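Fold and geometry: a report
The chain contents come next:
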Amino acid sequence: MKYIKLLLLLCVLFYSTDMRGENSSDSLNIKIKFYQKIKLSDGTKLSSNIYLPEDYNNQKKYPTILVITPYVSDENHERGLFFSRNGYVFITVDCRGRGNSEEKFIPFQDDAKDGAEIVNWIGEQPWSNGKVGMMGGSYRGMNQWFVLKEFPKYLKTIIPTASVGPGLDFPKYNNIFYPYVMRWLMLTSEKTINQKLFGADFWTQKQEELYKKNAKFNSYDDIVGYPKEVFQNWISHPSHDEFWQQYYFKPEESKQINIPILSITGHFDSDQPGAMKYYTDHMKDGNNQARLNHYLIVGPWNHGGTRRPTKELGGFQFKENAVLNMNALHLNWFDWTLKKGKKPEFLKDRVAYYTMGTNVWNYTSDFKNIANVKKEFYLSSTNTDAKSVFNSGKLIESPEDSDKNPDEIVYNPLANNGIDNPRYTSNNKDFYKDQSYVNDKEVLIYHSAPLKEDLNINGKIAFEAYIELDVDDTDFEVSVYEITKDNESIFLQTDQLRARYRNGLEKVDFPKRNTINKYLFEGENMFSRVVKKGSRLRLVFSTIDNPNVQKNYNYKEDPASQVAQKAKTVTIKLFHNKKYPSKIIVPIKK
């Protein structure tokens, strides 16, 4: 597997300039007030750029579109011109401690309260009609949810796009941290945008140094040369505890939501877990009227593509219909919710999702309806060790009554084989079709028979595995692919799991050694694809051994502070028979 989650960091995870404005040349008819200070209740002054409409005069009042960014307000200039030309006041605000705003930037900490005060400040301005909408992607999408959680009086709609999920997809996934954290913290350190440093080879060298030296993960900020309190604070919360849970809605808070919302994410969005957490929590706990006014779009996009869609991605080719005009969509949404215009024509129902393979948009009123059947494929390897693509195990439609001994992987975290692993070293630009992962010696591979009919897969493929360890902990990865009749590999989905969190992310539960335990890999991202008749499904199971990911030395201490001297070699046994029926569970639409 190509460690798709980490490859998306190259696309780029978290930091990504939002949509470009149409007709982006400056207009002399737009009045811009630069570096306007918004004074908060604690005395802190935040810097904003305010773009006023072409027809602005002191007698008229306007709806306002707000973006709050840690990436400095200059990034929103073209967007400000676009929306002000279309009859809105547009305001871009530097987060506390960033750009021209005062105080210190501590990610996540002040965004909710600051944002709510900004919204209410806007609502009291003489040019405001009391209607404020928010937009933006990634961190800027997440902070819309933070602000909504404060329920400011004048906030009337939000469009959270590719919303970061604190503790769910950043700075860790399934409680597994990654070195990218420090790269992003450097990008957003102090006042300026450190873009040149962010994209440098420096980070590859530093994370490989961490990996090859078998250094403690909590020393990474020192290795980088920038000791960082935020980094140390984050990794001191390895479980999904109250520190992370505070950023999500309680059921009683979800019930209070009463504004229209348009959520946007992508099949390959590295922050889809966060975006979908906010969406599904609201669908579960929100009041009926608000749920009816919450729309969802899931396109064939990566993180940056949720704002700048393209027809091509990692070897995939889509139709023109994948390239939505995001400026027009946002404008139409704001016209509908802030100006009583028509609902955007694209939103034919409350859920829109793009199906790859057929390259069409599908619609449903309820996200739960995207799949209505679960098809199971059971692992088997009666005549093989499943350790190569040419000697693989099988995915069959019913479990074997009795199977041979379990398939095994042996992993020594001190061997540092990941530095030369084809899954790490491959530079294939068609990374979603790359098959370098089959050259990894420590993987288990299983294939289905050629499919007798098309499979319309919608949702997340789950992997239910029965595993025995001879150590207290280790990390696993599972990926699923379509293998076409021409032996082309098409990436479908991946997931990662740390053994100590197999029963939930909230608390540690170490597996008993030399005992078979059930593990459920729920799938990182939902997707929609028609897998063609005659294709096969391929399952690849492995440990995680990659400089892009926090190393687990396979013993009980928190991996952030583990030391190489205590590292354990693990033998992983994957069982598959009628008593221990390891299987993948595929959600399909009939």
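Let us look at the structure shown here. (Residues numbered from 1 in each chain as written. Predicted model: local features only at pLDDT ≥ 70, side-chain atom pairs only at ≥ 80, totals over all residues. Heavy atoms only, no water.)

1. Quick notes on the overall build of the protein chain
- On a plain count of helices and strands, the protein chain comes out with 15 helices and 27 strands.
- In summary, the protein chain has a C-alpha radius of gyration of 24 Å against a globular reference of 25 Å for 590 residues, a match within 12%.
- Overall size of the protein chain, expressed as C-alpha extent along the three principal axes, is 80 × 55 × 45 Å.
- Counting across all 590 residues of the protein chain, residues that qualify as buried make up 63%.
- Entry remark: accessible area of the protein chain is about 22,700 Å², with carbon and sulfur atoms responsible for 46%.
- Across the protein chain, the 80 positively charged side chains and the 73 negatively charged ones have centroids separated by 3 Å. (Helix = DSSP H or I, 4+ residues; strand = E, 2+ residues; numbered from the N terminus. Rg over C-alpha atoms; globule rule 2.2 N^0.38 Å. Buried < 20%, exposed > 50% of the residue type's maximum accessible area, 1.4 Å probe, protein only. Areas by Shrake-Rupley, 256 points an atom, 1.4 Å probe, with all protein chains shown as cover. Lys, Arg positive; Asp, Glu negative; His and termini not counted. Charge placed at Lys NZ, Arg CZ, Asp CG, Glu CD.)

2. Quick notes on the packing of aromatic side chains
- Applying the stated criterion across every chain yields a total of 55 aromatic pairs.
- A centroid spacing of 5.0 Å and a plane angle of 90° characterise the contact between F346 and W361, whose relative ring orientation is edge-to-face. A residue pair is termed long-range when its members are at least 10 positions apart, and F346 in the loop between α14 (326-339) and β13 (351-355) and W361 in strand β14 (residues 360-364) qualify at 15 residues. In terms of burial, F346 and W361 fall into one category: buried.
- Across from the ring centre of F198, 4.5 Å away, lies the NZ or CZ of R183, which sits over that ring. (Phe/Tyr/Trp six-rings, centres within 6.5 Å; stacked < 30°, edge-to-face > 60°. Lys NZ or Arg CZ within 6 Å of the ring centre and 35° of its normal.)

3. Description of helix α7 (residues 202-212)
- For α7, every residue scored as buried is listed here: W203, K206, Q207, E208, E209, L210 and Y211.
- In this structure, the buried residues of α7 make contact with α5 (180-187), α6 (195-198), α8 (220-224) and α15 (422-425). (Contact = heavy atoms within 4.5 Å.)

4. Side note on the pairing of strand β18 (residues 443-448)
- Burial within β18 is extensive, with six of its six residues counted as buried.
- Here β18 shows a buried face lined by V443, I445 and H447 and a second buried face lined by L444, Y446 and S448.
- Note that strand β16 (residues 393-396) and β18 share three bridges and pair parallel. Bridged to G393 within β18 is Y446. (Pairing = 2+ DSSP bridges.)

5. Observations regarding the packing of helix α3 (residues 111-123) against helix α4 (residues 139-148)
- Interhelical geometry of α3 versus α4 gives an angle of 75° and a closest axis separation of 8 Å. Our classification of the angle between α3 and α4 gives roughly perpendicular. Counting all contacts with α3, which are made through D111, A112, G115, A116 and V119, the residues of α4 involved are Y139, N143, F146 and V147.
- Class assignment of the residues belonging to the contact of α3 with α4 gives a composition of six nonpolar, two polar and one charged. (Axes fitted to C-alpha atoms, helices over the stretch in contact; angles between N-to-C directions. Parallel < 35°, antiparallel > 145°, perpendicular 65-115°, else oblique. Nonpolar A, V, L, I, M, F, W, Y, C, P; charged D, E, K, R; others polar.)

6. Points about the pattern of salt bridges
- All chains considered together, the criterion is met by 25 salt bridges.
- D114 is the salt-bridge partner of R96, the closest N and O atoms lying 2.8 Å from each other. Of this pair, R96 sits in the loop between β4 (89-94) and α3 while D114 sits in helix α3, and the two are 18 residues apart along the sequence.
- The exposure class of D114 is buried, given its relative accessible area of 6%.
- Put simply, E209 and K213 hold a salt bridge, and the shortest N to O gap is 3.0 Å. (Salt bridge = Lys/Arg side-chain N within 4 Å of Asp/Glu carboxyl O.)

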